[in-house]
Amino acid sequence: MRGSSGLRWAIVAALLAAYCYAGLSRISFNVEILKMLPVHLHQVQGLSFFLKHFANPDELMITLEAEDPDTAEAAATELAEHLRTRPDLAKRVVERAPWEAASPQMSEFLGFTLLNQPPEKIAALIASLAPDTIAATLQQSREKLAESLDPQEIGMLAYDPLGFTRALDFSRFAQGSTQSEFSSRDGLFRVVYAQAGRQLRNYKDNIAWIAELRQVCAAWKGERAVKIGFTGEPAFVADIAGSMDWDMTSSGAVTLAVIAVIFWLCFRQARPLLLLQAMLVLTFLLALSTAGLVLHELTVMGVGFGAIMIGLSVDYGYYVFQRSRSHGGTPRELRWNCLQNVMWTAGTTAAAFFALNVSSLPGLSQLGSLVGIGVIVGASVMLFLFAPLAVRFRQSAPVQPGIPERFFASPRATAVGTWITLALVAFLVGVLVVKGTPKLDFSANTLRPRVSGAYEALDRLYEKLTDDRDLLSLIVTGKSEDEVLTRLRTAESTLAAAHTRGDAGHANTAAPLWPDAAHQRANLAAVQSLIAEAPRLKQALLDGGFNEEAFGLADSILQEWQRWRDAAVPIWPTGDASRWLLRRAAFHDGRDFLALGIVQPVAGRETALAAAVEAEGVYLVSWKQLGRELQEVIPAEFGKVIVGLIGIVVVLLWFALRSVRDVLLFLAAIALVFAALAGTMTLLGLTWNLFNLAAILLLLGTGTDYSILLLLALKRNGGDTAAAHRELGLVIFLCSSSSAVGFATLGWANNIGLSSLGLTCALGLTLSALVAVFLLPHARGWLRRGR
């Protein structure tokens with residue numbers, strides 16, 4: 001028999017291990033904040049397009065700071081050359097603007113951009129190079145070379161004395177800013193752009209690549225007096241996902257440790273304690289594995305489910321263990337004795353969390369699904385695995401009651417607890433009345449990590465280069481080049497009108513860089529005369545005192561035009577330099593086409609400007625605008641879910657109590673808890689944000705259980721408060737403390753919003769338990785005496 005039992009347990013262990021491996025191997029973290037927000041919001045849609053097509057998920061920005069400009073420039077150049085020797089790490093490294101280096105690859109981009117210009121500009125260029133005007137054109141170039149103090153203009157004229165690039169407005173290519181994206185104005189701050197040399201398939205690849213790149217850069221730095229930072233999408237993914245791993249592991253570990261302390265104070269038994277800890281770890285692994293098989297990805301909010309689920313699942317373990325102490329019998333009898341209460345509690349709690357799926361917030365829906373899964377898995381593990389083992393380890397000798405158990409058995413002690421709770425709740429409600437309710441904060445600050453090298457480097461980049469956080473991004477989408485171009489021109493007209501009204505400042509769209517089939521067709525036909533006259537143009541340069549290198553750029557552009565002579569329009573450039581220059585202005589993959597621009601709004605007129613510009617396929621977005629939209633939408637969204645959830649709880653409570661008075665008393669207790677919680681948040685300076693608004697729903701799903709249990713106990717004991725305390729005081733203490741600890745461990749989570757969720761839920765659960773245990777029984781007795 002023992003051999004048969006051992007074999008059965010071995011088979012069960014093998015199946016569980018295989019299940020965990022299958023699920024955990026599929027888990028990945030999605031650190032994109034927008035995955036947690038309603039997809040129907042216009043700002044969410046526009047920012048999603050931006051992050052997907054223009055955030056460059058494989059491009060890292062390496063920042064360098066030095067004490068003098070020469071050192072900073074030399075460091076950027078040397079680091080770029082060093083990284084180019086490691087194509088396995090970086091397949092493209094760019095440390096200066098291509099036009100500053102007069103790269104031959106610029107000819108394709110310049111040729112493409114010239115073809116998109118209005119035909120009259122190309123006609124003017126051709127006229128300036130005619131046999132009778134070319135000498136005057138070259139003389140003008142010589143005079144500017146002699147008089148100009150602008151290094152960029154001097155460099156461009158030296159390579160383009162024929163004036164091909166005069167038809168272009170380079171300020172528009174810089175998107176409304178004269179600030180370089182490679183160097184600060186004082187030259188002390190430089191940026192090197194590095195594209196990953198391998199595919200970054202998930203967050204683990206990001207973490208490994210960033211770690212290896214840091215090591216290479218640290219070895220290169222040596223004793224150089226240069227400060228290095230890393231930012232950009234890969235750095236954000238590595239920082240956020242890495243901290244998620246730590247948050248999940250550390251919060252779960254601390255929750256288990258505190259649960260162990262609570263268990264020991266109450267029961268003073270080591271072997272069942274170790275067994276319970278093992279069951280909680282197994283519950284965590286099974287729940288996470290199930291999530292891996294069902295969901296595949298966890299968002300920032302979903303990461304918090306681990307500690308929450310452990311704090312809830314241990315409740316069933318406490319109950320099963322208590323029943324094993326007070327009731328004898330076989331494991332089957334113990335399981336049957338516990339089944340009704342455990343399944344009722346787990347079912348209602350899971351239903352409350354699964355109800356979060358009616359929300360349009362994907363992050364909140366995922367959190368509800370994860371915790372709901374965890375609660376069901378936890379209840380099953382405690383009933384079918386922990387129960388038979390608890391019977392095996394049951395002690396026949398009586399166990400001395402612990403401190404919490406003696407407390408709830410003492411009427412004097414519970415009376416002291418009642419007065420303390422009454423004074424605390426009265427003080428917190430007073431704070432709410434005097435100082436008001438907590439403020440709403442849906443800004444992007446609540447979505448970022450508390451500590452992140454990537455964000456610190458980005459803040460430094462904003463400080464030294466261009467800070468575009470107050471600008472709006474204009475995103476135009478379409479199914480073809482012509483559709484995007486039409487929408488671009490409409491948006492430009494609307495923006496011009498907004499500028500006249502005083503709603504917008506400068507605005508730059510991708511129109512100068514967007515392929516215009518009609519212009520390209522007309523200009524390609526017109527420039528054929530220049531292509532045929534290339535020898536004449538070169539000779540005119542030599543006769544005008546320029547060397548052969550001065551014809552290099554013009555010759556390259558003419559060759560590109562020759563190559564495109566028979567190409568189908570619209571034409572897109574395909575060279576590396578062109579793709580790099582267009583990476584933040586245009587995207588196309590044959591199915592989707594997107595153009596990006598920037599708009600400077602007038603303070604206070606952002607919403608009106610967005611309403612005027614936005615149309616089908618046109619988005620005017622920013623993180624600040626997203627915060628404003630969320631502040632208008634989310635409270636109403638939560639209000640509907642809260643009303644529905646309260647309705648479900650009230651209906652269930654009516655079936656359990658069959659008393660209108662008790663149902664109203666329950667609602668009054670919940671209102672008191674939320675008033676005290678709001679006062680606590682105001683006192684501590686906490687705000688309501690996208691994350692901790694979920695605390696309201698979670699408290700309705702879990703915190704209300706304490707009041708329901710006390711009301712049922714009072715009903716069973718004829719309103720005897722002391723008997724209800726002896727029966728459920730310790731149970732509620734165990735459940736609330738373990739659940740509150742599960743949430744509180746999220747308080748040090750690196751993500752600011754996730755941390756606020758944990759703190760708010762921990763405070764709410766503590767207040768719910770105090771009100772239920774110490775105030776609700778006396779309020780019910782007072783009402784009965786009054787009646």
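Residues numbered from 1 in each chain as written. Predicted model: local features only at pLDDT ≥ 70, side-chain atom pairs only at ≥ 80, totals over all residues. Heavy atoms only, no water.

**Q** I keep staring at the nonpolar core and nothing clicks. Help me out?
**A** In globular proteins that are soluble, nonpolar side chains generally tend to be buried together. Core analysis: the biggest nonpolar cluster contains 123 residues, and Tyr318, Phe386 and Leu757 have the highest contact counts within it. When near neighbours in sequence (up to four residues on either side) are disregarded, Phe386 contacts Pro272, Leu275, Leu276, Met279, Gly317, Val320, Phe321 and Val381. Within the second largest apolar cluster, 71 residues are counted, among which are Ala167, Leu485, Ala540 and Leu620. (Core = buried A, V, L, I, M, F, W, Y, C linked by side-chain atoms within 4.5 Å. Buried < 20%, exposed > 50% of the residue type's maximum accessible area, 1.4 Å probe, protein only. Contact = heavy atoms within 4.5 Å.)

**Q** Can you walk me through the packing of aromatic side chains in this structure?
**A** Both the distance between ring centres and the angle between the ring planes are used here to describe each pair of aromatic rings. Following the criterion strictly, the structure yields 9 aromatic pairs and no others. An angle of 40° between the planes, with centres 6.4 Å apart, marks the rings of Phe50 and Phe54 as tilted. Under the relative-accessibility criterion, Phe50 is labelled partly exposed at 24%. When the ring centre of Tyr193 is taken as origin, the NZ or CZ atom of Arg583, which lies over that ring, is 5.4 Å away. The side chain of Arg583 reaches across the aromatic face of Trp580, ending 3.8 Å from its centre. (Phe/Tyr/Trp six-rings, centres within 6.5 Å; stacked < 30°, edge-to-face > 60°. Lys NZ or Arg CZ within 6 Å of the ring centre and 35° of its normal.)

**Q** Help me understand the environment of Gln322 in this model?
**A** Note that Gln322 resides in helix 13 (residues 305–326). In this structure Gln322 comes out as buried when scored by relative accessible area, which is 19%. Among all residues touching Gln322, those that are not within four sequence positions of it are Phe267, Leu730 and Val731. (Helix = DSSP H or I, 4+ residues; strand = E, 2+ residues; numbered from the N terminus.)

**Q** Before we go on, may I ask you to explain the sheet that holds strand 4 (residues 189–196) in this structure?
**A** Working definition: the strands of a sheet are paired by backbone hydrogen bonds and lie parallel or antiparallel to each other. The sheet built from 4 strands is open, its strands ordered 3-4-2-5 with antiparallel pairing. Two strands in the sheet have a free side with no partner beyond their single neighbour: strand 3 (90–94) and strand 5 (227–231). Averaged over all pairs of adjacent strands, the angle between strand axes in this sheet comes to 25°, irrespective of strand direction. Against the sheet, helix 9 (residues 203–221) contacts strand 2 (59–65), strand 4 and strand 5, and its axis sits at roughly 25° relative to strand 2. (Pairing = 2+ DSSP bridges. Axes fitted to C-alpha atoms, helices over the stretch in contact; angles between N-to-C directions.)

**Q** Is there a simple way to explain helix 27 (residues 660–684) in this structure?
**A** Side chains that are three or four residues apart share a direction in an α-helix, a result of its 3.6 residues per turn. For helix 27, spanning 25 residues, the distance from its first C-alpha to its last is 36 Å, which sits close to the expected 36 Å at 1.5 Å a residue. At the C-terminal side of helix 27, Gly685 shows a positive phi close to 80°. (Expected span 1.5 Å × (residues − 1).)

**Q** Help me understand the environment of Leu256, please; the structure alone is not making it clear to me.
**A** Tracing the chain through its elements places Leu256 in helix 10 (residues 233–267). Residue class for Leu256 comes out buried when judged on its relative accessible area of 15%. Sequence separation between Leu256 and Val314 is 58 residues; the distance between their C-alpha atoms is 9.4 Å.

**Q** What is the right way to read the side chain of Glu108 from this model?
**A** Looking at the element boundaries, Glu108 is found in helix 4 (residues 106–115). Here the side chain of Glu108 touches Ser578 through a polar contact of 2.8 Å, side chain to side chain. Those residues in contact with Glu108, other than ones at most four positions away along the chain, are Glu560, Arg563, Trp564, Pro573, Thr574, Gly575 and Ser578. (Polar contact = N/O pair within 3.5 Å; in protein donor to acceptor, adjacent residues only side chain to side chain.)

**Q** Could you clarify how one ought to interpret the packing of helix 27 against helix 29 (residues 704–716) in this entry?
**A** For any two helices packed against each other, one specifies the inter-axial angle together with the distance between the axes. Direction vectors running N to C along helix 27 and helix 29 enclose 145°, while the axes themselves pass 10 Å from each other. Where helix 27 crosses over helix 29, the handedness of that crossing is right-handed. Together, Asp662, Leu665, Phe666, Ala669 and Ile670 of helix 27 and Thr704, Ser707, Ile708 and Leu711 of helix 29 make up the contact between the two elements. Partitioned by chemical class, the residues of the contact of helix 27 with helix 29 number 6 nonpolar, 2 polar and 1 charged. (Left-handed = near helix turned anticlockwise from the far one by under 90°. Nonpolar A, V, L, I, M, F, W, Y, C, P; charged D, E, K, R; others polar.)

**Q** Explain the packing of helix 11 (residues 270–294) against helix 15 (residues 362–392) here, please?
**A** At a closest axis distance of 9 Å, the pairing of helix 11 and helix 15 adopts a crossing angle of 145°. Once helix 11 is placed against helix 15, the crossing between them reads as right-handed. Along the contact surface, helix 11 presents Pro272, Leu275, Leu276, Met279, Leu280, Leu282, Thr283, Leu286, Ala287, Thr290 and Ala291, while helix 15 presents Leu370, Ile373, Gly374, Val377, Gly378, Val381, Met382, Leu385, Phe386, Leu389 and Ala390. The residue inventory of the contact of helix 11 with helix 15, partitioned by class, reads 18 nonpolar, 4 polar and no charged.

**Q** What am I meant to see in the confidence of the model for the protein here?
**A** Atom-level detail of predicted coordinates should not be read off regions where pLDDT is low. For the protein, the mean per-residue pLDDT works out to 82, and 89% of the residues sit at or above 70. Throughout residues 173–177 the model reports pLDDT below 50, and contacts reaching past four residues in sequence, or to other chains, amount to 13 contacts. (pLDDT = per-residue confidence, 0-100.)

**Q** Looking at this model, I keep getting lost on a nonpolar patch on the surface. Mind explaining?
**A** There is a patch of nonpolar side chains on the surface, built from Ile646, Val651, Trp654, Phe655, Val660, Leu664 and Leu667 and spanning about 630 Å² of accessible area. Mapped onto the nonpolar patch, the elements with two or more residues apiece are helix 26 (623–657) and helix 27. For the nonpolar patch, the element with the most residues is helix 26, which contributes 4 residues. Among the structural elements, Val651 can be located in helix 26. We classify Val651 as partly exposed; its relative accessible area is 45%. (Patch = residues over 30% accessible without salt bridge, like charges linked within 9 Å, V, L, I, M, F, W, Y side chains within 5 Å. Areas by Shrake-Rupley, 256 points an atom, 1.4 Å probe, with all protein chains shown as cover. Salt bridge = Lys/Arg side-chain N within 4 Å of Asp/Glu carboxyl O.)

**Q** For this particular structure, what's the right way to read helix 5 (residues 119–128)?
**A** When helix 5 is considered as a whole, its buried residues turn out to be Ile122, Leu125 and Ile126. Along helix 5, the residues classed as buried sweep out an arc of 100° about the axis, all on the same side. In this structure, the buried residues of helix 5 make contact with helix 4, helix 20 (517–526), helix 21 (528–532) and helix 23 (552–563). (Arc of directions from axis to C-beta.)

**Q** How do you make sense of unusual backbone geometry when you look at a structure like this?
**A** As a rule of thumb, non-glycine residues mostly have phi less than zero, and peptide bonds are mostly trans rather than cis. For the bond from Val569 to Pro570, the omega torsion is 5°, close enough to zero to count as cis. Its identity as a non-glycine residue notwithstanding, Asn56 has a phi of 55°, on the positive side. For Asn56, the location among the structural elements is in the loop between helix 2 (42–53) and strand 2. Asn56 sits in the buried class, given a relative accessible area of 12%.

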